[in-house]
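Structural characterization, general
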Amino acid sequence: MYEIKTDLKKNRLYLIFGEMDRAEVQQAVKEIEEACKTLIHGFTCLTVLRKEQGVKQQDDDLIYEAQEIVTRYGVSKVVRVLSNENAFVQRQLDVLIVKPEYHVEYKDSIEEAEKILDGDVS
């Protein structure tokens, strides 16, 4: 399960991920690139991770590809929403970050993430 959407007014990419098989991850990567094409360089990204067991090792290549895509299209800041119980997933994603060319933060709620990306909280 996943959802990819954009807010052109905020110049923001929204990624919501749940449990996915490899075919879904591949499709999501394609949709991420299509979504990025609609945004202006410097866009922000809010990612919600609802998958508690983390990234499947066989999908690492696709996670790298997705990160390279958002980097190539000019993401400036990413906030990932994880519950406190998902500390393992946070550590796993920190290891998978391809290029630290964009700032990544972790928050417990979508509301907190939106505030950071909107510039209301640092």
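Structure: see above.
Throughout what follows, the structure given in this document is the object of discussion. (Residues numbered from 1 in each chain as written. Predicted model: local features only at pLDDT ≥ 70, side-chain atom pairs only at ≥ 80, totals over all residues. Heavy atoms only, no water.)

Looking at the pairing of strand E3 (residues 44-49)
Summarising burial for E3: 6 of the 6 residues are buried, a large majority. Pairing analysis gives 6 bridges linking strand E2 (residues 12-17) to E3, with the strands arranged parallel. Looking at E3, one finds that Phe-17 is bridged to Leu-49. Here E3 runs beside strand E4 (residues 77-81); their pairing, made up of 5 bridges, is parallel. Bridging across to E4, Cys-45 finds its partner in Val-78. (Buried < 20%, exposed > 50% of the residue type's maximum accessible area, 1.4 Å probe, protein only. Helix = DSSP H or I, 4+ residues; strand = E, 2+ residues; numbered from the N terminus. Pairing = 2+ DSSP bridges.)

A look at the pattern of salt bridges
Per the stated rule, a full pass over the model turns up 8 salt bridges. Salt-bridge contacts for Asp-118 lead to Arg-12; the nearest nitrogen and oxygen are separated by 2.9 Å. Taken together, the residues span a long stretch of sequence, with Asp-118 in helix H4 (residues 110-118) and Arg-12 in strand E2 at a distance of 106 residues. Judged by its relative accessible area of 36%, Asp-118 is partly exposed. (Salt bridge = Lys/Arg side-chain N within 4 Å of Asp/Glu carboxyl O.)

A word on the environment of Glu-19
Summarising the element assignment, Glu-19 is placed in the loop between E2 and helix H1 (22-36). Remark: the alpha-carbon pair of Glu-19 and Met-1, spanning 18 residues in sequence, is separated by 5.7 Å.

Side note on the side chain of Thr-47
Along the polypeptide, Thr-47 turns up in strand E3. Each residue touching Thr-47, except ones within four places of it in the same chain, is listed here: Leu-15, Phe-17, Val-78, Val-79, Arg-80 and Val-81. (Contact = heavy atoms within 4.5 Å.)

As for H1
Taking 1.5 Å of rise per residue, 15 residues should cover 21 Å, and H1 covers 21 Å from first to last C-alpha, within 8% of that figure. Those residues of H1 not exposed but buried are Val-25, Ala-28, Val-29, Ile-32, Ala-35 and Cys-36. Across the axial projection of H1, the buried residues extend over an arc of 125°, all falling on one side. In this structure, the buried side of H1 is in contact with strand E1 (2-7), E2 and helix H2 (60-72). (Expected span 1.5 Å × (residues − 1). Arc of directions from axis to C-beta.)

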